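Here is how the chains run, residue by residue.
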Amino acid sequence: MTAGTPKINVTVESVTPLNALITRFTFRESCGKDLPAFSGGAHVVVEMDDHGTKRMNPYSLMSDPNDTKRYSITVRRDDEGRGGSLYMHSHVKAGMEMVISTPVNLFSLDLTAKKHLMIAGGIGITPFMSQIHQLTSTRAHFELHYSVRSDALGAYLQELTQSYPKNLHVYRDDQDEQLKLAELLNGQPVGTHVYVCGPKGMIDWVRETAREADWPDSSVHFEEFTAPKSGNAFEVTLHQSNKTISVDRHQSLLEALEASSVEVPYLCRGGACGQCETNVLECDGNIEHNDHWLTDDQRLSKTKIMPCVSRFAGKKLTIER
Amino acid sequence: MSTSKFEPSIISRPVYGKLSAQTASHNLLIADAQGAEAIIEMAEHAPKSFFEQAHIIYIQKGTADAYLSQLESLGANQLYIGPTYQAALPRILNTLENTQVGIKLYLAGTEGLIGQVIRDATRFGVAMSDIQTEHRGSTARRIQCVHCKGIIEDVTVDPFQCSHCGLFLFVRDHYSRRIAAFQGVRVDAEDPGNIPEAVERFK
């Protein structure tokens, strides 16, 4: 048994730098078979062998969901990150063989919506690219509000401007342009759903503003693409496996479990899907909960941890793995 | 907690709660017959500003003037009074179609009214979590004859004769949200002519 979704062997078809920070990678199935169709907003987990360290990062698919010949992802280089995006930028070349997961969608469109209101911040544009492909094929009504640092750093800005001039609204930081969110969310026709993908602050801002404007939770969709945070190293006792492992500064608990051959189910590796939820049997210290899955009560009770993003500081942590 | 008492049923049968005023930018209240009592009771605990953003659509359905002065005294921004659901329908649909995200719906009265407004409101995109319901008054059912697809309103006895195709129908608890009706199935399908005596099940 392997955790996660079934793997797909792919060949890198092309590597296309889009600007100083952002590069697009296109994959095709290595034996020339069709790739599974997916739905707008889905992501794949890309596996990287970074000089002995296995990295598994989720990236939103941004190509046309109906194109089963190739998948595209767009990766922003994060020089402060743990190294996955740096690896993609510096080591991945056309022709290379890689392994990705079957797509999983944790940010799907609600197709009962009468109107789709999309709010993207920076690299958060990527899931909307595949969603827009999907929506235009059914002529659904959408509006994209896209915040970028500058024209130069706005990925796909030109393509979007050309293809969807009436749907696109751009806000450039360097021009002091700002999305007037409260005005945007007030007065939307009933049946509108709002989708946000971008930095955590932006997601919180949209959710909070929507709540103040009496939006039902079921009409507010968000995806946060935070990678696991680095932190201090710590030790964890695994009750079922009967061993103690250490988690490195730049390693997640999930990665440390996998490195010790302990299988843990996962889908997103970003604290959102809930698959890796693990019972805590003993906790003498503090769990740094970095997920968006557990409830506040569960966090306070110290009985659950999400190994993909959360860490521990203290004397002893025993988990049910 | 339901105000009206219903006989035990299957778990998929619709259930109803008690109206409770929420803060919202726009409140749409739709009630028929004794459903007015649910609105009037809710108003006792509602913040004063609640009715400033409220639109009440009230269908008398045979109750004449019984509740009108009480409803008028609530001070709703808009108050419409109509004799029947059919008379009020164009206004209900127009209001739902032109409303905005943030609206809260309060539905009170008979199952036929509540079910039909839920059906139309969700079709226009109102979220179920924004709809509150409270059953009041008659428990008579709105039934679809599964054979001829005709709709029969306010059925009180079981079995009963379909007013469209003439078959005698057994009233099921099986409810369709899509058509906002319980299902009526031929009672003597396997033994034609053997029709049990009608019993008044719904008042």
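Residues numbered from 1 in each chain as written. Chains lettered and ligands numbered in written order. Predicted model: local features only at pLDDT ≥ 70, side-chain atom pairs only at ≥ 80, totals over all residues. Heavy atoms only, no water.

Q: Can you explain the domain arrangement of chain B? Please cite residues and give values.
A: Residues and elements named next belong to chain B. Its domain assignment divides chain B into domain 1 (26-135) and domain 2 (141-200). Every contact between the two is made by 7 residues of domain 1 and, on the other side, 10 residues of domain 2. Summed over the shared surface of domain 1 and domain 2, the number is 1 salt bridge. Lys61 is paired through a salt bridge with Asp154; the nearest N and O atoms lie 3.1 Å apart. Along the contact surface separating domain 1 from domain 2 lie 2 residue pairs in polar contact (both at pLDDT 80 or more). Partitioning the side of domain 1 that touches domain 2 into residue classes produces 1 nonpolar, 3 polar and 3 charged. (Domains from an automatic or database assignment. Contact = heavy atoms within 4.5 Å. Salt bridge = Lys/Arg side-chain N within 4 Å of Asp/Glu carboxyl O. Polar contact = N/O pair within 3.5 Å; in protein donor to acceptor, adjacent residues only side chain to side chain. Nonpolar A, V, L, I, M, F, W, Y, C, P; charged D, E, K, R; others polar.)

Q: Any details on the interface of chain A and chain B? Residues and values, ideally.
A: Opposite the 12 residues of chain A that make contact, chain B presents 17 residues. Carbon and sulfur atoms make up 54% of the area that chain A and chain B hide from each other, which totals about 1000 Å². Three residues, Val190, Asp214 and Pro216 of chain A, lead the burial of chain A against chain B; their summed loss comes to 55% of the area buried on that side. There are 0 salt bridges connecting chain A and chain B. Counting every contact that joins chain A to chain B gives 4 residue pairs in polar contact (both at pLDDT 80 or more). (Buried area = accessible area lost by both parts, 1.4 Å probe.)

Q: Lay out the sheet that holds strand E7 (residues 115-121) of chain A in plain terms, naming residues and giving numbers.
A: Strand-to-strand pairing in sheets goes through backbone hydrogen bonds, with the strands running parallel or antiparallel. All names here are of chain A. The strand order across the open sheet built from 5 strands is E9-E8-E7-E10-E11, with neighbouring strands paired in parallel fashion. Two strands bound the open sheet, and with one partner strand each, they are strand E9 (168-172) and strand E11 (220-223). On average, adjacent strands in this sheet sit at an angle of 15° to one another, irrespective of strand direction. Two strands pair when backbone bridges link them, and strand E8 (residues 142-148) and E9 are joined in this way by 5 bridges, in the parallel orientation. Bridge assignment links Ser147 to a residue of E9, and that residue is Tyr171. Sitting on the sheet, helix H2 (residues 126-137) touches E7, E8, strand E10 (192-197) and E11, and the angle it makes with E7 is about 160°. (Pairing = 2+ DSSP bridges. Helix = DSSP H or I, 4+ residues; strand = E, 2+ residues; numbered from the N terminus. Axes fitted to C-alpha atoms, helices over the stretch in contact; angles between N-to-C directions.)

Q: Describe the packing of aromatic side chains, with residues and values.
A: The description of an aromatic ring pair uses the distance of the two centres, along with the angle that the planes make with each other. According to the stated counting rule, one finds 10 aromatic pairs over all chains in the structure shown. Between Phe142 of chain A and Tyr164 of chain A the ring centres are 5.6 Å apart and the planes differ by 75°, which places this aromatic pair in the edge-to-face class. Of this pair, Phe142 of chain A sits in strand E8 while Tyr164 of chain A sits in the loop between helix H3 (157-163) and E9, placing them 22 residues apart in sequence. With a relative accessible area of 4%, Phe142 of chain A lands in the buried category. Each ring, one from Tyr175 of chain B and one from Phe182 of chain B, has its centre 5.0 Å from the other, and the planes form 65°; the classification is edge-to-face. Among the aromatic side chains, those forming a connected cluster through ring pairs are Phe107, Phe128 and Tyr195 of chain A. When the ring centre of Tyr266 of chain A is taken as reference, the NZ or CZ atom of Arg269 of chain A above it lies at 4.4 Å. Directly above the aromatic system of Phe6 of chain B lies the positively charged group of Arg13 of chain B, at a separation of 4.6 Å from the ring centroid. (Phe/Tyr/Trp six-rings, centres within 6.5 Å; stacked < 30°, edge-to-face > 60°. Buried < 20%, exposed > 50% of the residue type's maximum accessible area, 1.4 Å probe, protein only. Lys NZ or Arg CZ within 6 Å of the ring centre and 35° of its normal.)

Q: Can you lay out the side chain of Ser101 of chain A for me, pointing to particular residues and giving the numbers?
A: All names here are of chain A. With respect to the helices, strands and loops of the structure, Ser101 is situated in strand E6 (residues 97-101). In this structure the side chain of Ser101 is engaged in a polar contact, spanning 2.8 Å, whose partner is the backbone nitrogen of Val45. Excluding residues that lie within four positions of it along the chain, Ser101 makes contacts with Thr5, Pro6, Lys7, Ile8, Val44 and Val45.

Q: Just give me the short version of the sheet that holds strand E4 (residues 103-109) of chain B, but keep the residues and values in it.
A: Residue and element names in this part refer to chain B. Reading across the sheet, the 5 strands line up as E3-E2-E1-E4-E5 and stay open at both edges, with parallel pairing between neighbours. The sheet is open, and its two borders are formed by strand E3 (78-82) and strand E5 (131-135), each paired with just one other strand. Taken pair by pair, the neighbouring strands of this sheet meet at an average axis angle of 10°, ignoring direction. Summarising the sheet, E4 and E5 pair through 5 bridges and their orientation is parallel. Across the sheet, Gly109 pairs through a bridge with His135, a residue of E5. Helix-sheet contacts for helix H3 (residues 85-97) involve strand E1 (26-32), strand E2 (54-59), E3 and E4, and the interaxial angle to E2 is about 160°. Its contacts with the sheet put helix H4 (residues 111-123) on E1, E2, E4 and E5, and the angle it makes with E4 is roughly 160°.

Q: Describe the packing of H3 of chain B against H4 of chain B, naming the residues involved and giving the relevant values.
A: Residues and elements named next belong to chain B. Running from N to C, H3 and H4 point in directions that differ by 25°, and their axes come no closer than 10 Å. The orientation of H3 with respect to H4, classified from their angle, is roughly parallel. At the point where H3 passes H4, the crossing takes the right-handed sense. Of the residues in H4, those in contact with Tyr85, Leu89, Leu93 and Leu96 of H3 are Leu113, Gln116, Val117, Arg119, Asp120, Ala121 and Arg123. Considered class by class, the residues forming the contact of H3 with H4 number 7 nonpolar, 1 polar and 3 charged. (Parallel < 35°, antiparallel > 145°, perpendicular 65-115°, else oblique. Left-handed = near helix turned anticlockwise from the far one by under 90°.)

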